[in-house]
Amino acid sequence: MPRPTRRAALAALALALVAGAAACGAGDDGDAAPGSGSAPAAGDAAFPVTIEHKYGSTTIAAPPERVVSVGFGDQDPILALGVVPVGVRDWYGDQPQATWPWAHDLLEGAKPEVLSADELNVEAVAALRPDLIVGVSSGMTKDEYESLSALAPTLAQSGDVIDYGMPWQDGTRMIGRALGREAEADRLIAGVEERFARVRADVPGLKGAEATVSYVMDETQIGAYGPDDVRGRMLTDLGMVVPDEIAAKAGDKFYSQFSFEQIGLLDRDLLIWITGEPGVAERIKAHPLRRRLAAAAEGREIFLSDMESGAASFSSVLSLPYLLDSLEPQLAAAIDGDPATAVPAAAG
């Protein structure tokens, strides 16, 4: 007898889990435990819906009730659209239920299963008995997609963008379609785009300015995010431009990496530093090569706090308004052309 394929085995596992749950639930009072999923209210789209993506297309037959988020940040648009996932994938930051403050209240007390950031654990996803798996920001491989789609309809990113490079607007809209809430997704997108427009209007120096969102790897390596990364797209949403040299170094990746000796590549109209953990900002500021930058000498740097760095890295319909509230005054001070203007301290 031929050996069963991994995909067939996972499909059998999922069916067994569903059957077992149905048997255990027979005769109970029907109340859902926290984190057991929330059935979407009536949406704005008829089912079934079919969504095109990098690995083909996915058809969702009915409004999903047990949604598992395996992307690095996909829980944000899912929650924003009124659905509480039964599982979310951790990323970093040690946040409760792997859900950051801008989204946490939308859990409404539920405690989704937290999946490891280290690997895409198909067996752990199967155990949650999903009827929709969302991996728009997961960077999943074809093999991972096939394994997951044997369990339930699975969303991968568009084939038109680099891994981890799905624009927040497109990701939100894709997830909205899958949940039957595309009109609500469009409303959320319009609201965030309006917020960006207000910042561009209130801080006119942003238009056409060259800027980088940069980070430190270690004592010898630094880098910057490319124009197709979500943090690079944040700059363009603000009216700024990612330098061609940074785009060339990133190539078909979402980031570029180079030695500290090349820090001059970051010396632009505006330099935004992702810190991400305590002590990083102080290390950057103390580095002798950084002190030679005109952007440092003229006050054209912004050091994002841990929370702001997380909001920029998620770049979601929930995190971006949270970020812009504290980022706008920092942008205004850094880009005003007056070195004497102090950039306000990062928030949170």
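Above: the structure in question.
Description of the structure in this document. (Residues numbered from 1 in each chain as written. Predicted model: local features only at pLDDT ≥ 70, side-chain atom pairs only at ≥ 80, totals over all residues. Heavy atoms only, no water.)

### Observations regarding the overall build of the chain
Next, step 1: Assigned secondary structure in the chain consists of 13 helices and 12 strands.
Next, step 2: Per-residue burial over the chain gives 50% buried out of 348 residues.
Next, step 3: Carbon and sulfur atoms provide 52% of the accessible area of the chain, an area that totals close to 15,300 Å². (Helix = DSSP H or I, 4+ residues; strand = E, 2+ residues; numbered from the N terminus. Buried < 20%, exposed > 50% of the residue type's maximum accessible area, 1.4 Å probe, protein only. Areas by Shrake-Rupley, 256 points an atom, 1.4 Å probe, with all protein chains shown as cover.)

### Thoughts on helix α7 (residues 182-202)
Next, step 1: For α7, built from 21 residues, the straight-helix expectation of 30 Å at 1.5 Å per residue is met to within 8% by its first-to-last C-alpha distance of 30 Å.
Next, step 2: Residues of α7 that are buried: A185, L188, I189, V192, R195, F196 and V199. Around the axis of α7, the buried residues are gathered within 115° of arc, so they sit on the same side. In α7, the exposed positions that point more than 90 degrees away from the buried face belong to R187, A201 and D202. (Expected span 1.5 Å × (residues − 1). Arc of directions from axis to C-beta.)

### Comments concerning the side chain of S158
Next, step 1: Residue placement: S158 occurs in the loop between β7 (154-155) and α6 (168-178).
Next, step 2: Among the polar contacts listed, one links the side chain of S158 to the backbone nitrogen of D160, at a separation of 3.0 Å.
Next, step 3: Here S158 is in contact with H53, K54, M166 and M174, once residues within four sequence places are set aside. (Polar contact = N/O pair within 3.5 Å; in protein donor to acceptor, adjacent residues only side chain to side chain. Contact = heavy atoms within 4.5 Å.)

### Some points on the pattern of salt bridges
Next, step 1: In total, this model carries 15 salt bridges according to the counting rule given.
Next, step 2: Ionic pairing is found between K54 and D163, a salt bridge with its closest N-O pair at 2.8 Å. Of this pair, K54 sits in the loop between β1 (49-53) and β2 (56-60) while D163 sits in the loop between β7 and α6; the two residues are 109 residues apart in sequence, bridging distant segments of the chain.
Next, step 3: Note on K54: relative accessible area 33%, which makes it partly exposed.
Next, step 4: The salt bridge involving E210 is made with R268; its shortest N-O contact spans 3.0 Å. Within this pair, whereas E210 is found in the loop between α7 and β8 (211-216), its partner R268 is found in the loop between β10 (255-259) and β11 (270-273), the two being separated by 58 residues in sequence.
Next, step 5: A relative accessible area of 28% means that E210 is categorised as partly exposed.
Next, step 6: Ionic contacts of the salt-bridge type, sharing partners, join the residues D170, R173 and D186 into one network. (Salt bridge = Lys/Arg side-chain N within 4 Å of Asp/Glu carboxyl O.)

### Observations regarding the sheet that holds strand β4 (residues 87-89)
Next, step 1: An order of β5-β4-β3-β6-β7 is seen for the five strands of this open sheet, with the pairing classed as parallel. The sheet terminates laterally at β5 (113-115) and β7, the two strands that pair on one side only. (Pairing = 2+ DSSP bridges.)

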